[in-house]
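# Commentary on secondary and tertiary structure
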Amino acid sequence: MLKLGSKGEMVKRLQRFLNVTVDGHFGIETENAVKEYQTKMNITVDGIVGRQTWAVMELATTDESEKHFVTENGLSIIPFYMDHGEYVNEITKKRYLFLHHTMGWNNPYNQIKQWENDERGAIGTEFVIGGKSIQGDSKYDGLVLQAFPEGYYAWHLGKIGNREVHTDSVGIELCNFGQLVNGRTWAGQKVLPEEIYHIDFRGYDMYHKYSEEQLYSLRKLILYIADRDNIDVCSGLIDKINEFGVQKAFSWQREAYYGTVEGMWTHANTRTDKLDCFPQDNFIDMLMTI
């Protein structure tokens, strides 16, 4: 949903459709143009571009590949927004970026639908990146979805020492099952040997492997968010890797928990009971080239 105050690539696409100033900011000019269009098409006139208006404009399509936008660094992102109320209707200045994994299957659409259909309220991250399944299925590998519009937020860190770390952060979920026991997921599914990564980390010695395509998309997405929201992504986790080494850098960090250091962190940096993300070698290599 787009409305007065929204901003970003989808606003630009809307503005091109309406033939108004293309600046990525949903202001009065854009709102008036939306109302004029809604009046012309005999649909609810509220100046808000929700599912009905998108559908009439034929910008919303069942072919998801036609809805994507491409960032300046060449990353394709598909908006797949949750319903209004499944994220917080408030735009905040972003100061943090947090990396997560889903503890679930490889399909990013299903992850967003799960957040939308549960009863926990505004829970989720702005971005979800598909991966390989535990059985080697690569249908969604590296696919990037956006769960709600730029600037808004949802709760994604659980109990933390500073509320603003929630409100002022962007979250990215990697579709990944996380820690494994005897080659099986937390739900008991057997994982193909080639999808297992062996590492001693936080009490486990096996994890569901992050794929090369996931990490390729993740790198581009991190750089896109860094530029979009003016976040110093080398501050935080990467600084800790340089200072303490990988294992300690991926553990709980007071600066992440209380939000005293802005930049990029993982969920594991804020909670002793969280294991996302884990320090896979090529994940670390990717981070250190940012």
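Structural data are supplied above this passage.
The rules behind the values
- Residues numbered from 1 in each chain as written.
- Predicted model: local features only at pLDDT ≥ 70, side-chain atom pairs only at ≥ 80, totals over all residues.
- Heavy atoms only, no water.
- Helix = DSSP H or I, 4+ residues; strand = E, 2+ residues; numbered from the N terminus.
- Buried < 20%, exposed > 50% of the residue type's maximum accessible area, 1.4 Å probe, protein only.
- Contact = heavy atoms within 4.5 Å.
- Pairing = 2+ DSSP bridges.
- Axes fitted to C-alpha atoms, helices over the stretch in contact; angles between N-to-C directions.
- 1 Å grid on protein atoms, 1.4 Å probe; cavity = no way out; pocket = protein on both sides within 12 Å on 5 of 7 lines; lining within 4 Å.
- Points joined across faces, edges and corners; volume = space filled by probe spheres on them.
- Disulfide = S-S within 2.5 Å.
- Arc of directions from axis to C-beta.
- Polar contact = N/O pair within 3.5 Å; in protein donor to acceptor, adjacent residues only side chain to side chain.
- Phe/Tyr/Trp six-rings, centres within 6.5 Å; stacked < 30°, edge-to-face > 60°.
- Lys NZ or Arg CZ within 6 Å of the ring centre and 35° of its normal.

## Some thoughts on the environment of Leu174
Along the chain, Leu174 turns up in strand β6 (residues 169-174). On the basis of relative accessible area, Leu174 is assigned to the buried category, the value being 0%. The spacing of Leu174 and Glu29 is 145 residues in sequence and 37 Å in space, taken between C-alpha atoms. Contacts of Leu174, omitting those with residues within four sequence positions, involve His100, His101, Thr102, Ile129, Tyr210, Gln214, Leu218 and Cys277.

## Section: the sheet that holds strand β4 (residues 127-129)
Pairing is mixed in the open sheet, where seven strands are placed in the order β1-β2-β5-β4-β6-β3-β10. This sheet does not close on itself; its edge strands, each paired only once, are β1 (69-70) and β10 (263-266). Direction of pairing for β1 relative to strand β2 (residues 76-79): antiparallel, over a ladder of two bridges. Bridge assignment links Val70 to a residue of β2, and that residue is Ser76. Across the face of the sheet, helix α4 (residues 108-117) comes into contact with β2, β4, β5 (144-146) and β6 while running at roughly 140° to β4.

## Description of the layout of surface pockets
By volume, the largest pocket is sized at about 580 Å³. Lining the largest pocket are 28 residues, with His101, Thr102, Met103, Glu173 and Lys274 sitting closest to its centre. Broken down by secondary-structure element, the contributors of at least two residues to the lining of the largest pocket are β3 (96-101) and α4. The leading source of residues in the lining of the largest pocket is α4, at four residues.

## Some remarks on the state of the cysteines
A complete count under the given rule lists zero disulfides for this structure. Residue Cys175 stays outside any disulfide, its sulfur separated by 12 Å from that of Cys277, the closest cysteine. Exposure remark for Cys175: the relative accessible area of 1% places this residue in the buried category. Judged by relative accessible area, which is 0%, Cys277 ranks as buried.

## Examining the pairing of β3
For β3, the buried fraction is high: six of the six residues fall into the buried class. What you see with β3 is no split at all: Tyr96, Phe98 and His100 on one side and Leu97, Leu99 and His101 on the other are buried throughout. Pairing geometry for β3 and β6, over six bridges, is parallel. What sits directly across from Leu99, in β6, is Ile172. The pairing of β3 with β10 spans four bridges and is classified as parallel. Bridged to Leu97 within β10 is Met264.

## As for α4
Taken together, the buried positions of α4 are Pro108, Tyr109, Gln111, Ile112, Trp115 and Glu116. Taken around the axis of α4, the buried residues stretch over an arc of 165°, which confines them to a single face. For α4, the side-chain oxygen to backbone nitrogen distance between the N-cap and Tyr109 is 2.9 Å, and the N-cap itself is Asn107.

## Some points on the packing of aromatic side chains
All chains considered together, the criterion is met by 19 aromatic pairs. Consider the rings of Phe80 and Tyr109, whose centres lie 4.8 Å apart with planes at 90°: the pair is edge-to-face. Here Tyr109 lies in helix α4 and Phe80 lies in the loop between β2 and β3, a separation of 29 residues in the sequence. Assessed through its relative accessible area of 12%, Tyr109 is described here as buried. Plain terms: the ring middles of Tyr109 and Tyr140 are 6.2 Å apart, the flat faces sit at 70° to each other, and that makes the pair edge-to-face. Of this pair, Tyr109 sits in helix α4 while Tyr140 sits in the loop between β4 and β5, and the two are 31 residues apart along the sequence. Of the two residues, Tyr109 and Tyr140, both sit in the buried class. Every member of this aromatic cluster is reached through a ring pair, and the members are Tyr197, Phe201, Tyr204, Tyr207, Tyr210, Phe250, Phe278 and Phe283. The positively charged end of Lys248 is found above the aromatic ring belonging to Phe244, 4.2 Å away from the centroid.

## Re the sheet that holds strand β7 (residues 179-180)
Sheet strands pair via backbone hydrogen bonds, and the direction of the pair is either parallel or antiparallel. The strand order across the open sheet formed by three strands is β7-β9-β8, and the pairing between neighbours is antiparallel. Two strands close off the open sheet at either side, each with one partner strand: β7 and β8 (196-201). Summarising the sheet, β8 and strand β9 (residues 204-208) pair through four bridges and their orientation is antiparallel. By the bridge assignment, Ile196 is partnered in β9 with His208.

## Observations concerning helix α7 (residues 237-244)
Listed in full, the buried residues belonging to α7 are Leu237, Ile238, Lys240 and Ile241. Looking down the long axis of α7, one finds its buried residues gathered within 160° of arc, a one-sided arrangement. In α7, the exposed positions that point more than 90 degrees away from the buried face belong to Asn242 and Glu243. Taken from the residues just after α7, Gly245 is the one with a positive phi, measuring 95°.

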